[in-house]
Amino acid sequence: MLKPSPLELEDVPAGPPAGTLLARLEDLPAHGGKELVFKDGTLVLRLLVQRFGGGAVVYENRCPHAGTPLNMFDDKFVDITGRRLLCRTHGALFEIEDGRCVRGPCKGDHLRAVAIEIRDGAIYSL
Ligand code: FES
């Protein structure tokens, strides 16, 4: 399946404007992640920020299989090995680097990446 183009958050319902500070790298746990939730009335946008290499990746926190958030309740998104993102609903595994599902019911599909810029140790929406 084709990898979708990165989301520009200001074009998404409940998304923040371009240039919004999403997270500082120093505030992310080593090898860890963080969920971000934006609301506009009844509209909700969930993102996940996950450390990767010396930086981080940001995806919509929505599994391409059934549309649920990957995490159940906390900021933990990786599997027990720490090398892949895990959807806790039906167990799909995703590469952290590009969001590609490598095991599970949505194998070959992708998480939706968010267009970001990392500068001066911080992650901003584009
Ligand atoms: S909703 Fe993620 S694997 Fe089914």
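That block above? That's the structure.
What counts as what
Residues numbered from 1 in each chain as written. Predicted model: local features only at pLDDT ≥ 70, side-chain atom pairs only at ≥ 80, totals over all residues. Heavy atoms only, no water. Helix = DSSP H or I, 4+ residues; strand = E, 2+ residues; numbered from the N terminus. Rg over C-alpha atoms; globule rule 2.2 N^0.38 Å. Contact = heavy atoms within 4.5 Å. Buried < 20%, exposed > 50% of the residue type's maximum accessible area, 1.4 Å probe, protein only. Lys, Arg positive; Asp, Glu negative; His and termini not counted. Salt bridge = Lys/Arg side-chain N within 4 Å of Asp/Glu carboxyl O. Polar contact = N/O pair within 3.5 Å; in protein donor to acceptor, adjacent residues only side chain to side chain.

*Asks:* So what's going on with the overall build of the protein? Which residues, and what values?
*Replies:* Check the secondary structure of the protein and you find 0 helices and 9 strands. Going from N to C terminus, the protein has its helices and strands arranged as β-β-β-β-β-β-β-β-β. Its C-alpha atoms give the protein a radius of gyration of 14 Å, near enough to 14 Å, the size a compact globule of 126 residues would have. In terms of principal-axis extent, the alpha carbons of the protein reach across some 35 × 30 × 30 Å.

*Asks:* How would you explain the environment of H90 if you had to name every residue and give the values?
*Replies:* With respect to the helices and strands, H90 occurs in the loop between β5 (84-86) and β6 (93-95). For H90 and G104, which are 14 residues apart along the polypeptide, the C-alpha to C-alpha distance reads 7.4 Å. Non-local contacts of H90, meaning those with residues more than four positions away in its chain, are made with H65, A66 and P105.

*Asks:* Let's hear about the side chain of E60: which residues, and what values?
*Replies:* In this structure, E60 sits in strand β4 (residues 55-60). One buried charged side chain, E60, makes no salt bridge at all; its nearest oppositely charged neighbour is R62, positioned 4.8 Å away. Setting aside its immediate chain neighbours within four residues, E60 contacts L7, L45, R46, L47, L48, R112 and V114.

*Asks:* Provide a residue-level description of the pattern of salt bridges, including the pertinent values.
*Replies:* This structure, assessed with the given rule, holds 4 salt bridges. The partner of E95 in a salt bridge is R84, and the shortest N-O contact between them spans 3.5 Å. Of this pair, E95 sits in strand β6 while R84 is found in strand β5, placing the two residues 11 residues apart along the sequence. Overall, R84 belongs to the partly exposed group, its relative accessible area being 29%. A salt bridge links R119 to E117, with the nearest nitrogen and oxygen atoms 3.2 Å apart. Here the salt bridges share partners, and the residues they tie into one network are R84, E95 and R100.

*Asks:* An account of the side chain of N61 is needed here, citing residue identities and associated values.
*Replies:* Relative to the elements of secondary structure, N61 occurs in the loop between β4 and β5. Judged by its relative accessible area of 2%, N61 falls in the buried class. Only 2.8 Å separates the side chain of N61 from the side chain of E35, close enough to count as a polar contact. With residues up to four places along the chain from it excluded, the contact list for N61 reads E35, R46, L47, L48, T68, P69, L70, N71 and F77.

The analysis is restricted to geometry; functional conclusions fall outside its scope.
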